[in-house]
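# Structural description and commentary
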Amino acid sequence: MLLVQETKIVSGGGPVLLDTAGITGDYVSMKNYHHLTVVVGLTPASGTDTAAITLKQASDVAGTGEKALDFTRAWRNPTSTSNDTLTETVYASSITTSAVAAKELFVLEIDAADLDTLNGFDCVRANVTDPGVVSTPAFVLYILSGSRFAQEIPPSAIVG
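Positions within a chain are numbered from 1, following the residues in the order the chain's sequence is written. Where local features are concerned, this predicted model is filtered to residues with pLDDT of at least 70; where side-chain atom pairs are given and counted, the filter is 80 or more; whole-chain, interface and lining totals use all residues. Note that water and hydrogens are dropped before the side-chain values are worked out from all heavy atoms of the structure.

## Some points on the overall build of the chain
Condition: Helical segments are the DSSP runs of H or I of at least four residues, strand segments are the runs of E of at least two, and each set is numbered from the N terminus. Working definition: with a 1.4 Å probe on protein chains only, accessible area under 20% of the residue-type maximum means buried, over 50% means exposed, and in between means partly exposed. Note on definitions: a residue-residue contact is assigned when non-hydrogen atoms from the two residues lie within 4.5 Å. Residue burial considers only the protein chains on display, and all accessible areas are found by Shrake-Rupley using a 1.4 Å probe.
Looking only at helices and strands, the chain has one helix and twelve strands in total. Across the chain, helices and strands are ordered from the amino to the carboxyl terminus as α-β-β-β-β-β-β-β-β-β-β-β-β. When the 160 residues of the chain are sorted by exposure, 39% land in the buried category. The contacts of the chain with a sequence gap of at least 6 include a subset with a gap of at least 24, amounting to 78%. Surface exposure of the chain reaches about 8000 Å², of which carbon and sulfur atoms provide 55%.

This is the structure in structure tokens:
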């Protein structure tokens, strides 16, 4: 199995250096997909400031009707370079990164049914706030899976 044939991988933002602004992620449409995995990675330069990771939903990739997309759990890699274990963690609709200078990786799992589909919401984006004066390289990556229609090449997720 090749991941690129079974999923749609889309850059959501970055890599950028979070020192003057955060990442306002690009929207992806789940119209043709059942599941979205959002991967956020960052490496703070010092252990003093934190960033917040949130999700937004909208009715199209232009952001129409944007509102919060609540989630309560995600997976996090411990702040250690010698461990690649992802640990499930409970959150209250946003993630606050740790206040240590270490690599962090967060994985958020979203099903299309988690969106307000009754009101036409089928697009998602991730935001990462600026942690302040700390220089923090960061990125957002989207992996869409569970294509609703069998195709050799997965359908685009960045067009409405």
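## Notes on the pattern of salt bridges
Test applied: We count a salt bridge whenever a side-chain nitrogen from Lys or Arg sits within 4 Å of a carboxyl oxygen from Asp or Glu.
For the structure on display, the rule yields three salt bridges. One salt bridge connects E66 with R125, and the closest N-O pair in it is separated by 2.6 Å. You can see E66 sitting in the loop between β5 (52-58) and β6 (67-68) and its partner R125 sitting in strand β11 (residues 123-128), a full 59 residues away along the chain. Overall, E66 belongs to the partly exposed group, its relative accessible area being 37%. When its relative accessible area of 9% is taken as the criterion, R125 is described as buried. Here K67 ties to D116 by a salt bridge, and the two come within 2.5 Å at their closest N and O atoms. With a gap of 49 residues between them, K67 in strand β6 and D116 in the loop between β10 (104-111) and β11 connect regions that are remote in the sequence.

## Looking at the side chain of S29
Put simply, the rule is: Two N or O atoms count as a polar contact when they lie within 3.5 Å, although within protein this holds only if one can serve as hydrogen donor and the other as acceptor, and sequence-adjacent residues are included solely when both atoms are side-chain atoms.
The residue S29 is located in strand β3 (residues 28-29) in this model. Residue S29 is classed as buried on the basis of its relative accessible area of 3%. Of note is the side chain of S29, whose polar atom sits 3.2 Å from the backbone nitrogen of K31.

## Quick look at the environment of D26
Within the element layout of this structure, D26 appears in the loop between β2 (23-24) and β3. Classification of D26 by relative accessible area gives partly exposed; the value is 46%. On a C-alpha basis, the gap between D26 and S11 in space is 8.0 Å, while along the polypeptide they are 15 residues apart. In this structure D26 touches S11, G12, V124, R125 and Y142, once residues within four positions along its chain are discounted.

## Brief notes about the sheet that holds strand β7 (residues 73-77)
The test is simple: DSSP bridges decide pairing: two strands pair if at least two such bridges lie between them. Note on geometry: axes are lines fitted to C-alpha atoms, helical ones only across the stretch in contact, with angles between N-to-C directions running from 0 to 180 degrees.
A sheet is described by the order of its strands in space; here six strands give the open sequence β1-β12-β4-β10-β7-β8, paired in antiparallel fashion. Every interior strand has two partners, whereas the edge strands, β1 (8-18) and β8 (87-90), have only one. If you compare each strand with its neighbour and ignore which way they point, the axes differ by 20 degrees on average.

## Focus: a nonpolar patch on the surface
In plain terms, the rule: Patch membership is restricted to residues that have no salt bridge and whose relative accessible area is over 30%. Joining uses 9 Å for like charges and 5 Å for the nonpolar side chains Val, Leu, Ile, Met, Phe, Trp and Tyr.
A contiguous nonpolar surface patch, about 550 Å² in accessible area, is contributed by M1, L2, L3, V4 and I9. On the secondary structure map, M1 appears in the segment before α1 (3-6).

## Thoughts on the nonpolar core
Note the cut-off: For our purposes a nonpolar core is just a set of buried Ala, Val, Leu, Ile, Met, Phe, Trp, Tyr and Cys residues, chained together by side-chain atoms within 4.5 Å.
By size, the foremost hydrophobic cluster in this structure holds 31 residues, and its most contacted members are L36, V38, V128, Y142 and L144. Per element, the largest residue contribution to this core is five residues, and it comes from strand β4 (residues 33-42). Aside from chain neighbours lying at most four places away, what touches L144 is T7, K8, V10, V28, S29, M30, Y33, H35, L36 and A157.

## Some points on unusual backbone geometry
Following G14, the chain continues to P15 via a peptide bond in cis, the omega torsion being 5 degrees. Locating P15 in the fold gives a position in strand β1.

## Considerations on the packing of aromatic side chains
Which entries qualify depends on this criterion: Only centres within 6.5 Å qualify two rings of Phe, Tyr or Trp (six-membered ring in Trp) as a pair; their planes then separate them into stacked at under 30 degrees, edge-to-face at over 60, and tilted for everything else. Geometrically, a lysine NZ or arginine CZ counts as sitting over a ring once it is within 6 Å of the ring centre and also within 35 degrees of the ring normal.
Counted under the stated rule, the structure contains zero aromatic pairs. We note K67 situated over the ring of F121; from NZ or CZ to the ring centre the distance is 4.6 Å.

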